[in-house]
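Structural characterization, general
So the chains spell out like this:
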Amino acid sequence: MCITMMATRQPFDLRRPPGPNGWTQMLAIDPKTGPRRVASNLKWLADHQFIDLQPQWGRPSAITLLSATGDGGVYTQPREDGRYVGMPIAFWTNGWLLQLSPTAIALLFALREALGGKSEPQYIHTAKRQRYGLSSDTWTKGRKELEAQGLLAVKREPQGDFYDFMRLRNAYQLTLGRLDGPPSWS
């Protein structure tokens, strides 16, 4: 994710990327194990054709983004395909990326897209939820974490009309203004 935020224009590359120690410091990873983890993850991304690593004499390998599909094709920015999810800059600058679990981040991004910027609580149909590939357990764990951090409000609202069976369903409302403050580090 950080590489895509740094390589923002054609040819979507980093000619002078940080070294493993630089990535470790930037991502606030344990300095003892971080460089090895960074190197391993960059190798994994290259092996799966998400990035291309070009060795450079005396410097870290240059990084070029490849297609997000993992087919080794040319990288295109998601907004060029007409669909992308934007997050407020405070998500990155206030440390939310480091505080939230990957499960909560995945749900936050899914809800951001699914709710389409609406400010009222919205029910998300099962078919739309399934489109994100998150299991019910993952959805519940992420929801509880986002609620605990004050980023999500979930209300029970009746769905259906007079002639249908009325059911109470979860209606979701993101409170992204909470990102402007620091996360709860407990």
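These figures come from a predicted structure and were not determined experimentally.

1. Describing the overall build of the protein chain
Of the regular secondary structure elements, the protein chain holds 8 helices and 6 strands. Sequence-ordered secondary structure for the protein chain, helices as α and strands as β, is α-β-α-α-β-β-α-α-α-β-α-α-β-β. The buried share among the 186 residues of the protein chain stands at 31%. Sequence separation of at least 24 residues holds for 51% of the intrachain contacts in the protein chain that already meet a minimum separation of 6. When the accessible surface of the protein chain is summed, it comes to about 11,800 Å², and 54% of that surface belongs to carbon and sulfur atoms.

2. Side note on helix H3 (residues 34-47)
Structural remark: α-helix, 3.6 residues per turn; residues separated by three or four positions point the same way. Its 14 residues give H3 an end-to-end C-alpha distance of 20 Å, which sits within 8% of 20 Å, the value for a rise of 1.5 Å per residue. Those residues of H3 lying buried are Gly34, Pro35, Val38 and Leu42. Buried residues along H3 cover an arc of 100° about the axis, so they all sit on one side. Contacts made by the buried residues of H3 are with helix H1 (2-6), helix H2 (20-26), strand E2 (51-56) and strand E3 (59-65).

3. Some words on the sheet that holds E3
An order of E1-E3-E2 is seen for the 3 strands of this open sheet, with the pairing classed as antiparallel. Strands with a single pairing partner mark the edges of an open sheet, and in this sheet they are strand E1 (13-14) and E2. Here 5 bridges tie E2 to E3, and the two strands are oriented antiparallel to one another. Within the sheet, the bridge partner assigned to Asp52 lies in E3 and is Thr64. Its contacts with the sheet put H3 on E2 and E3, and the angle it makes with E2 is roughly 120°.

Criteria and cut-off values
- Residues numbered from 1 in each chain as written.
- Predicted model: local features only at pLDDT ≥ 70, side-chain atom pairs only at ≥ 80, totals over all residues.
- Heavy atoms only, no water.
- Helix = DSSP H or I, 4+ residues; strand = E, 2+ residues; numbered from the N terminus.
- Buried < 20%, exposed > 50% of the residue type's maximum accessible area, 1.4 Å probe, protein only.
- Contact = heavy atoms within 4.5 Å.
- Areas by Shrake-Rupley, 256 points an atom, 1.4 Å probe, with all protein chains shown as cover.
- Expected span 1.5 Å × (residues − 1).
- Arc of directions from axis to C-beta.
- Pairing = 2+ DSSP bridges.
- Axes fitted to C-alpha atoms, helices over the stretch in contact; angles between N-to-C directions.

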